[in-house]
Amino acid sequence: MLKEVRYDVLIICSHESITQAIAKNLIDNPQFNTPTLTSDPMNARRLLIERHFDIVIINSPLEHESGLNLALEINDQHEVGIILLAKSNNYDELFDKTNELGIITLSKPTPSSLFTQSLKILCLTRQKLANLKKHSSSEMSLKEKIKEIQLVNEAKIILMKHRSITEDEAHHIIERKAMNERISKRNAARAIINEYRN
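Residues numbered from 1 in each chain as written. Predicted model: local features only at pLDDT ≥ 70, side-chain atom pairs only at ≥ 80, totals over all residues. Heavy atoms only, no water.

Draft legend 1. Here's a closer look at the overall build of the chain. When helices and strands are tallied, the chain shows eight helices and five strands. Counting from the amino terminus, the chain carries its helices and strands in the arrangement β-α-β-α-β-α-β-α-β-α-α-α-α. In summary, the chain has a C-alpha radius of gyration of 16 Å against a globular reference of 16 Å for 198 residues, a match within 12%. Viewed in the frame of its principal axes, the chain has a C-alpha envelope of about 50 × 40 × 30 Å. A buried classification covers 45% of the 198 residues belonging to the chain. Carbon and sulfur atoms make up 50% of the accessible area of the chain, which amounts to about 10700 Å² in all. Of note, the chain has its 27 positive side-chain charges centred 4 Å away from the centre of its 26 negative side-chain charges. (Helix = DSSP H or I, 4+ residues; strand = E, 2+ residues; numbered from the N terminus. Rg over C-alpha atoms; globule rule 2.2 N^0.38 Å. Buried < 20%, exposed > 50% of the residue type's maximum accessible area, 1.4 Å probe, protein only. Areas by Shrake-Rupley, 256 points an atom, 1.4 Å probe, with all protein chains shown as cover. Lys, Arg positive; Asp, Glu negative; His and termini not counted. Charge placed at Lys NZ, Arg CZ, Asp CG, Glu CD.)

Structural data, given as structure tokens:
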């Protein structure tokens, strides 16, 4: 059983109304501390150096950059879960550039239920990774497990979006595919991602 944790979230968004809508989603949830808000990518970079965050939400485009480069930079330099909200007209391009990295990319407008489930997946992933770090003796096996978790989560989000199902239903589809085809969950997730990419 995973213990209850409160998560620190950084929201990077140039539009006040969208920022407030995202923040309200988090404030109403006891799993999250009051989110930190910024519209400036440089300020976000500074905050990430000064403080610990568990999750970063980027609403792209930002005022002075697309948001993609910031997401990639944060993913490379910090151990955080990232949700990148993308305009529907460039969602596919951003998804292709972020999906293998474990960055959750969602198309705007994003249904509230999908956003909430994506946050839930990030939280559970963070807890599982923390537990793995405590119990892992091999650096390589930890990296492989992280990659598997990221791929499975990405496949869940794709299934939830395209089939309008819950996270549990998506999880069962992945497990069933792995069992029926006698492949790992990682390979089942990769197959689902590739199926919906085409």
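Next comes the rest of the description.
Draft legend 2. Spotlight on unusual backbone geometry. For the bond running from Ser 60 to Pro 61, omega is 0°, close enough to zero to count as cis. Pro 109 follows Lys 108 through a cis peptide bond whose omega is -5°. Along the chain, Pro 109 falls in the loop between strand 5 (104-108) and helix 5 (112-135). The phi torsion at Ser 164 lies on the positive side, around 55°, for a residue other than glycine. By the secondary structure assignment, Ser 164 is in the loop between helix 6 (139-163) and helix 7 (167-181). Positive phi outside glycine occurs at Arg 182, with the angle close to 55°. Structurally, Arg 182 is set in the loop between helix 7 and helix 8 (185-197). Residue class for Arg 182 comes out exposed when judged on its relative accessible area of 79%.

Draft legend 3. Spatial organisation of the packing of aromatic side chains. Counted according to the given criterion, the structure contains two aromatic pairs. Centroid distance Tyr 7 to Phe 32: 6.2 Å. Interplanar angle 50°. Geometry classified as tilted. Of this pair, Tyr 7 sits in the segment before strand 1 (9-12) while Phe 32 sits in the loop between helix 1 (16-27) and strand 2 (36-38), and the two are 25 residues apart along the sequence. In this arrangement the basic side chain of Lys 161 is found over the ring face of Tyr 91, its NZ or CZ atom lying 4.0 Å from the centre. (Phe/Tyr/Trp six-rings, centres within 6.5 Å; stacked < 30°, edge-to-face > 60°. Lys NZ or Arg CZ within 6 Å of the ring centre and 35° of its normal.)

Draft legend 4. Region of the structure containing the layout of surface pockets. For the second largest pocket, the calculated volume is near 280 Å³. Lys 128, Val 152, Lys 156, His 171 and Lys 185 are, among the 16 residues lining the second largest pocket, the residues nearest its centre. Within the residue set of the lining of the second largest pocket, elements represented by two or more residues are helix 5, helix 6 and helix 7. (1 Å grid on protein atoms, 1.4 Å probe; cavity = no way out; pocket = protein on both sides within 12 Å on 5 of 7 lines; lining within 4 Å. Points joined across faces, edges and corners; volume = space filled by probe spheres on them.)

Draft legend 5. The nonpolar core, seen in detail. Membership of the largest hydrophobic core comes to 57 residues, with the highest contact counts inside it found for Ile 12, Ile 57, Ile 58, Ile 74 and Ile 83. In terms of residue count, helix 6 provides more of this core than any other element does, seven residues in total. Once residues lying within four places of it in the same chain are set aside, the contact partners of Ile 74 are Ile 12, Leu 48, Val 56, Ile 58, Val 80 and Ile 82. (Core = buried A, V, L, I, M, F, W, Y, C linked by side-chain atoms within 4.5 Å. Contact = heavy atoms within 4.5 Å.)

Draft legend 6. Focus on the environment of Lys 120. As for its position among the elements, Lys 120 is in helix 5. On the basis of relative accessibility, which here comes to 40%, the residue Lys 120 falls in the partly exposed class.

Draft legend 7. Quick look at the side chain of Thr 125. Structurally, Thr 125 is set in helix 5. In this structure Thr 125 comes out as buried when scored by relative accessible area, which is 10%. For Thr 125, the side chain forms a polar contact with the side chain of Asn 153, separated by 2.3 Å. (Polar contact = N/O pair within 3.5 Å; in protein donor to acceptor, adjacent residues only side chain to side chain.)

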